[in-house]
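Spelled out from the first residue to the last, the chains are:
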Amino acid sequence: MISKIKLAPWLATIGLFVFWEVVCRLFSVPEFILPTPSASIAAMIEYWPAIWQNAFYTFWVTMVGFALAVIFGLALGLVTGASAVVYSAIYPLLVGFNSIPKVAIVPVLVVWFGIGTIPAILTAFTISFFPIVVNVATGLATLEPELKDVLRSLGARKIDILLKVGVPRSMPYFFASLKVAVTLAFVGTVISETVAGNAGMGHLMLTASSSFRVPLVFAGLLVIAAMGVGMYVVFVLVERRFVGWAFRGGDNG
Amino acid sequence: MTAFVELEQVTMTYGGPGIDTVPAVADASLTIKQGEFVAMVGPSGCGKSSLLKIVSGLMPADKGITRVAGEPVTRPLTMVGMAFQNATLLPWRTTLENVLLPLEVSRTHRGSFRRKKAEHLETARALLKTVGLEGYEDHAPYELSGGMQQRASLCRALIHAPDLLLLDEPFAALDAFTREELWGVLQDLWMQRKFTVILVTHDLREAVYLADRVYVVSKRPGRIVYERPIPLARPRTLESTFDQDFVDLVHKLRDHIGEVRAS
Ligand SMILES: Nc1ncnc2c1ncn2[C@@H]1O[C@H](COP(=O)(O)OP(=O)(O)O)[C@@H](O)[C@H]1O
Ligand SMILES: [Mg+2]
């Protein structure tokens, strides 16, 4: 059973690629519409130095934006979740802000900071910030009423309740949000690089598509997807390591 | 034996008077002596949990007088220990750490806990041993059965040696055998320490087994409609629950509950 579960994602991925290859060949889809995976991989090999350089750039820009999102998201989530007043004050603002398409704020960021790295970092930050705040705040705000009663009757200080119960309780929510947030951060970076960048995967793909090198565009997409999956897996492992207790037993608290 | 918990004509409406038209508790009066074990039975939603919240100071009453240990109740009382149907143990803490939580955070105990940590650890281990959890100190809650979690929850309620123990259907979620086992555990703890207990329960046999006195609460708005002393000898045993006087007491209570539900 275990080996089947471990094998399944690989088989599904390979299956998708085979299906894609077969469909393209069967219907003779032109390469500038949808290149086959083999053509995309061939392009990846051919342009590897350029891809590697830009992928590395996109990766670290994403990680800086994501790190900022973790720091500020955790802090704001804790403040928001710990106080009902702050929660109700800030929540509508957060939802409103999250509803703004990030592609619309890139030009503003470019006006403020110029074309380049900083708008990309900030776009990655703004897009991955929201799920972290919401999850941490939810984890804090959903303390069982009975436990709240026990703590209140003991005369526990707010800070003790927060540190000994609230924060550990919200950690599973926090780590769960990191998995989503890190993949969103890549989206943010690539948006910014595409709209207003002079480096990175977004820039590379824009350049490639304007010269109709569509296989190279798809090679770029595959590399971005691979980085997203890789970081997702990293945070699954981090989650297991730090909040393993949340995955056992289950029904109690 | 003096009055330890006193309620006189206490009324409480959620959200304050006038917002919710039917009060949760209305004109409830009762007197509980120090060291007495009292059970409270009544239809669900009748205000039993609300009564416990008033006694513990977690909810203020709108009307009437609430006194505990001779003092009017104006804020949450630290001399109270509480346990519920749901054990609410913290899943990231071991059993022992869960039991110690009240000492770590309590306004009145945290200083002494830091100064005499070893002593308090010993107390907690001894308490866990009394309820039959020796050897499980370092286990996580998910490794304990429902009954064992409830034992740990009782220990957490008692670790700071409260004068008043408030139990809100603590055994309701357990199977019959485990539940009856825990009656014995609770009776032993109480006979050793003689704290005052208010136990809310749906189980009339549980009420008769454990209590010195049983109150029957009416449908919402909750008021005390019947009071029955249980003069059976202690310690009570599971065999004694088949004695005629035990069975008669259960029947008498059942009749009153029937009347309350029908009214
Ligand atoms: N926090 C609350 N806000 C509003 N109404 C409540 C609240 N808690 C309980 N009630 C209502 O008050 C009544 C008494 O509740 P409760 O004391 O929990 O009853 P019991 O414990 O006897 O089942 C119920 O009708 C319930 O719906
Ligand atoms: Mg109740």
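As the structure is a prediction and not an experimental result, all values here were calculated from the model. (Residues numbered from 1 in each chain as written. Chains lettered and ligands numbered in written order. Predicted model: local features only at pLDDT ≥ 70, side-chain atom pairs only at ≥ 80, totals over all residues. Heavy atoms only, no water.)

Draft legend 1. Here's a closer look at the pairing of strand 4 (residues 63-68) of chain B. Residues and elements named next belong to chain B. Two strands pair when backbone bridges link them, and strand 1 (residues 3-12) and strand 4 are joined in this way by five bridges, in the antiparallel orientation. Residue pairing across strands places valine 5 opposite valine 68, the latter belonging to strand 4. Two elements, strand 4 and strand 5 (residues 71-72), share two bridges in a ladder whose sense is antiparallel. Paired with arginine 67 across the two strands is proline 72, which belongs to strand 5. Between strand 4 and the antiparallel strand that follows it, strand 5, lie two residues; alanine 69 among them carries a positive phi value of about 55 degrees. (Pairing = 2+ DSSP bridges. Helix = DSSP H or I, 4+ residues; strand = E, 2+ residues; numbered from the N terminus.)

Draft legend 2. Region of the structure containing the domain arrangement of chain B. Residue and element names in this part refer to chain B. Domain parsing of chain B yields domain 1 (1-79 + 165-175 + 194-263) and domain 2 (90-162). For domain 1 and domain 2, the distance between their C-alpha centroids amounts to 27 Å. Taken together, the 10 residues of domain 1 in the interface contact 10 residues of domain 2. Buried area between domain 1 and domain 2, summed over both chains or domains, comes out near 840 Å², and the portion from carbon and sulfur atoms is 66%. When residues of domain 1 are sorted by the area they lose upon contact with domain 2, Thr78, Leu165 and Leu174 head the list and together hold 49% of the total. Taken together, domain 1 and domain 2 are joined by zero salt bridges. Counting across the domain 1 and domain 2 interface gives one residue pair in polar contact (both at pLDDT 80 or more). Looking at the side of domain 1 that touches domain 2 residue by residue, the class counts come to eight nonpolar, one polar and one charged. (Domains from an automatic or database assignment. Contact = heavy atoms within 4.5 Å. Buried area = accessible area lost by both parts, 1.4 Å probe. Salt bridge = Lys/Arg side-chain N within 4 Å of Asp/Glu carboxyl O. Polar contact = N/O pair within 3.5 Å; in protein donor to acceptor, adjacent residues only side chain to side chain. Nonpolar A, V, L, I, M, F, W, Y, C, P; charged D, E, K, R; others polar.)

Draft legend 3. Examining the nonpolar core more closely. Judged by nonpolar contacts, the single largest core of 82 residues is most densely connected at B:Val5 and B:Leu164. Per-element accounting of this core gives the leading share, 11 residues, to helix 8 (residues 158-196) of chain A. Inspection of this core shows a minimum of three residues originating in each of domain 1 (1-79 + 165-175 + 194-263) and domain 2 (90-162) of chain B. Setting aside its immediate chain neighbours within four residues, B:Val5 contacts B:Leu30, B:Thr31, B:Ile32, B:Val55, B:Arg67, B:Val68 and B:Leu164. (Core = buried A, V, L, I, M, F, W, Y, C linked by side-chain atoms within 4.5 Å. Buried < 20%, exposed > 50% of the residue type's maximum accessible area, 1.4 Å probe, protein only.)

Draft legend 4. Fine view of the interface of chain B and chain A. Each side of the interface is counted separately: chain B has 28 residues, and chain A has 22 residues. Taking both sides of the interface into account, the surface hidden between chain B and chain A amounts to around 2400 Å²; carbon and sulfur atoms contribute 63%. Among the residues chain B hides against chain A, the three largest losses belong to B:Trp92, B:Val105 and B:Tyr142. Together they make up 27% of the total. For the interface between chain B and chain A, the tally reads three salt bridges. Two residues, B:Lys53 and A:Asp149, come together in a salt bridge whose shortest N-O distance is 3.6 Å. Summed over the shared surface of chain B and chain A, the number is three residue pairs in polar contact (both at pLDDT 80 or more). When contributions to the side of chain B that touches chain A are tallied by element, the ones reaching two or more residues are strand 6 (80-84), helix 2 (95-105), helix 3 (110-115) and helix 5 (146-158) of chain B. It is helix 2 of chain B that contributes the most residues to the side of chain B that touches chain A, four residues altogether. Taken together, the residues that form the side of chain B that touches chain A break down as 15 nonpolar, six polar and seven charged.

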